[in-house]
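Next come the chains, spelled out residue by residue.
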Amino acid sequence: MYIDSHCHLDFAELRTLLPDVLAAMQQAQVGGALCISTTMETFPAVLELAQQHPQLWATVGVHPDNEGVHEPTVAELLAGAQQPRVVGIGETGLDYYRLGERSVADMAWQRERFRVHIRAARRCGLPLVIHTRAAADDTLAILKEEGGFVPGADPTPELPPARGVFHCFTESAELAQAVLELGFYISFSGIITFRNAAELRQVVSLVPLERCLIETDSPYLAPTPHRGKLNTPAYVPHVAQQLAATKGLSLSQVAQATTANFLRLFSAVSLPLELT
Ligand SMILES: [Zn+2]
Ligand SMILES: [Zn+2]
């Protein structure tokens, strides 16, 4: 059995296809999928998916790329986190890939938004789903500071340190190492199946299986052999297959380990009875 640790079933591309998507998941032995929130405006739709389907769960948070949307407070994130079937905070993080005319200094709002998510995650004890692109140094620095990994700089030393996953990992081996040292998990997407991703597959080989998650990030990033088509959680076994090939493991080892890792990290997840 597989679990897709990161998908966007509320996006227009997938929402109207939901019955087909759920049937395809079952057929492909994908027993569950985590539906990731990207704005507070659309969080209710993500929550509804999780509350109506036993194999889906939800997170609450605002994606770093989203501008002109409601800026969440810690209290609002905590209110979302209290809803049944919400098991994580995010996705959140930093993305300097599309700066356009702006400089890194102009992105203070993104860094502040990331801090708010980390504060909420530490208060409610749920794991963070972290998105980072072209912003590795700042992501790590803020996570260490706000996440409780720098004793002198920790604003809430009474709370346990942040935990979570770096999703759709495409960054360097150095960042992967630093992330592992903080106790975080690393989630790989269909990108690891792409022909031109040899460097990323090197990173895959360095991350211990006990810290790997798999995801589709659907509707985008369909893995080979479906590259360029609409992606769905039913394709997550292709990611597992690549992980197994790169690490020289069997597919069933990877399926079992990544499912166990997911359930260990997102400990608020309850599996549908037929899967336990
Ligand atoms: Zn993301
Ligand atoms: Zn995402």
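As the structure is a computational prediction, the values presented were derived from the model and not from experiment.

Let us now look at the coordination of the zinc ion (ligand 2). Taken together, His6 (NE2), His8 (NE2), Glu91 (OE) and Asp217 (OD) make up the full set of protein donors to the zinc ion (ligand 2), lying 2.1 to 2.7 Å away. One way to put it: the four donor atoms around the zinc ion (ligand 2) meet at angles of 84 to 176 degrees, and that makes the site irregular. Read in sequence order, the donor residues for the zinc ion (ligand 2) give the motif H-x1-H-x82-E-x125-D. The metal-metal distance between the zinc ion (ligand 2) and the zinc ion (ligand 1) is 3.5 Å, with Glu91 serving as a donor to both. Separated by 211 residues along the polypeptide, His6 in strand β1 (residues 2-7) and Asp217 in the loop between β8 (212-214) and α9 (236-247) bring together distant segments of the chain. The exposure class assigned to His6 is buried, which follows from its relative accessible area of 1%.

This next bit is on the coordination of the zinc ion (ligand 1). Taken together, the protein ligands of the zinc ion (ligand 1) are Glu91 (OE), His131 (ND1) and His167 (NE2), with distances of 2.0 to 2.1 Å. Summarised as a motif, the one-chain spacing of the donors to the zinc ion (ligand 1) is E-x39-H-x35-H. We classify Glu91 as buried; its relative accessible area is 2%.

Right, let's get into the UniProt feature "binding site: a divalent metal cation 1" (unreviewed entry) in the protein. The sites that UniProt annotates as "binding site: a divalent metal cation 1" (unreviewed entry) are His6, His8, Glu91 and Asp217. Spanning 212 residues, the annotated positions come together in the fold, the maximum distance between their C-alpha atoms being 11.2 Å. By the secondary structure assignment, Glu91 is in strand β4 (residues 86-95). A polar contact of 3.1 Å, which involves the side chain of Glu91, links it to the side chain of His6. Apart from residues no more than four positions distant in its own chain, Asp217 is found in contact with His6, Cys7, His8, His167 and Cys168.

As summarised here, the arrangement of the eight strands in space is β1-β2-β3-β4-β5-β6-β7-β8, forming an open sheet in which the pairing is parallel. Here the strands that pair on one side only, and so sit at the sheet edges, are β1 and β8. When strand polarity is set aside, the average angle formed by the axes of neighbouring strands in this sheet is 30 degrees. Note: strand β7 (residues 185-188) against β8, three bridges, orientation parallel. Residue pairing across strands places Ile186 opposite Cys212, the latter belonging to β8.

A word on the side chain of His53. In this structure, His53 sits in the loop between α3 (43-52) and β3 (56-60). Filtering out sequence-adjacent residues up to four positions away, His53 remains in contact with Leu18, Leu22 and Arg85.

Relative to each other, α9 and helix α10 (residues 251-265) sit at 115 degrees, their axes nearing to 8 Å. Note on packing geometry: the crossing formed by α9 with α10 is right-handed. Here Pro237, Ala240, Gln241, Leu243 and Ala244 of α9 come into contact with α10, specifically with Leu251, Val254 and Thr258. When grouped by side-chain class, the residues that make up the contact of α9 with α10 number six nonpolar, two polar and no charged.

Take Lys229: it is sitting in the loop between β8 and α9. You can call Lys229 exposed: its relative accessible area is 52%. For the pair formed by Lys229 and Pro219, sequence separation is ten residues and the distance between their alpha carbons is 8.8 Å. Setting aside residues up to four positions removed in sequence, Lys229 forms contacts with Pro219 and Ala222.

Side-chain pairs of opposite charge can arise where the charged atoms are in close proximity. Using the criterion set out here, one finds ten salt bridges in the structure. The residue Glu71 makes a salt bridge to Arg113 at a minimum N-O spacing of 2.8 Å. With Glu71 in the loop between β3 and α4 (74-81) and Arg113 in helix α5 (residues 108-124), this residue pair connects regions lying 42 residues apart in the sequence. Assessed through its relative accessible area of 36%, Glu71 is described here as partly exposed. The exposure class assigned to Arg113 is buried, which follows from its relative accessible area of 4%.

In this structure, the amide linkage connecting Gly90 to the following residue, Glu91, adopts the cis form with an omega of 10 degrees. Of note, the amide linkage connecting Ser218 to Pro219 takes the cis form, showing an omega dihedral of 15 degrees. Inspection of the secondary structure puts Pro219 in the loop between β8 and α9. The backbone of Leu221 shows a phi angle near 60 degrees, a positive value even though the residue is not glycine. Here Leu221 lies in the loop between β8 and α9.

Reading the values: rules and limits
- Residues numbered from 1 in each chain as written.
- Chains lettered and ligands numbered in written order.
- Predicted model: local features only at pLDDT ≥ 70, side-chain atom pairs only at ≥ 80, totals over all residues.
- Heavy atoms only, no water.
- Donors = N, O, S within 2.8 Å, 3.2 Å for Na, K, Ca; no water.
- Tetrahedral: all angles 85-135°; square planar, octahedral: opposite > 155°, others 65-115°.
- Helix = DSSP H or I, 4+ residues; strand = E, 2+ residues; numbered from the N terminus.
- Buried < 20%, exposed > 50% of the residue type's maximum accessible area, 1.4 Å probe, protein only.
- UniProt positions renumbered as here; feature names shortened; annotations may be inferred.
- Polar contact = N/O pair within 3.5 Å; in protein donor to acceptor, adjacent residues only side chain to side chain.
- Contact = heavy atoms within 4.5 Å.
- Pairing = 2+ DSSP bridges.
- Axes fitted to C-alpha atoms, helices over the stretch in contact; angles between N-to-C directions.
- Left-handed = near helix turned anticlockwise from the far one by under 90°.
- Nonpolar A, V, L, I, M, F, W, Y, C, P; charged D, E, K, R; others polar.
- Salt bridge = Lys/Arg side-chain N within 4 Å of Asp/Glu carboxyl O.

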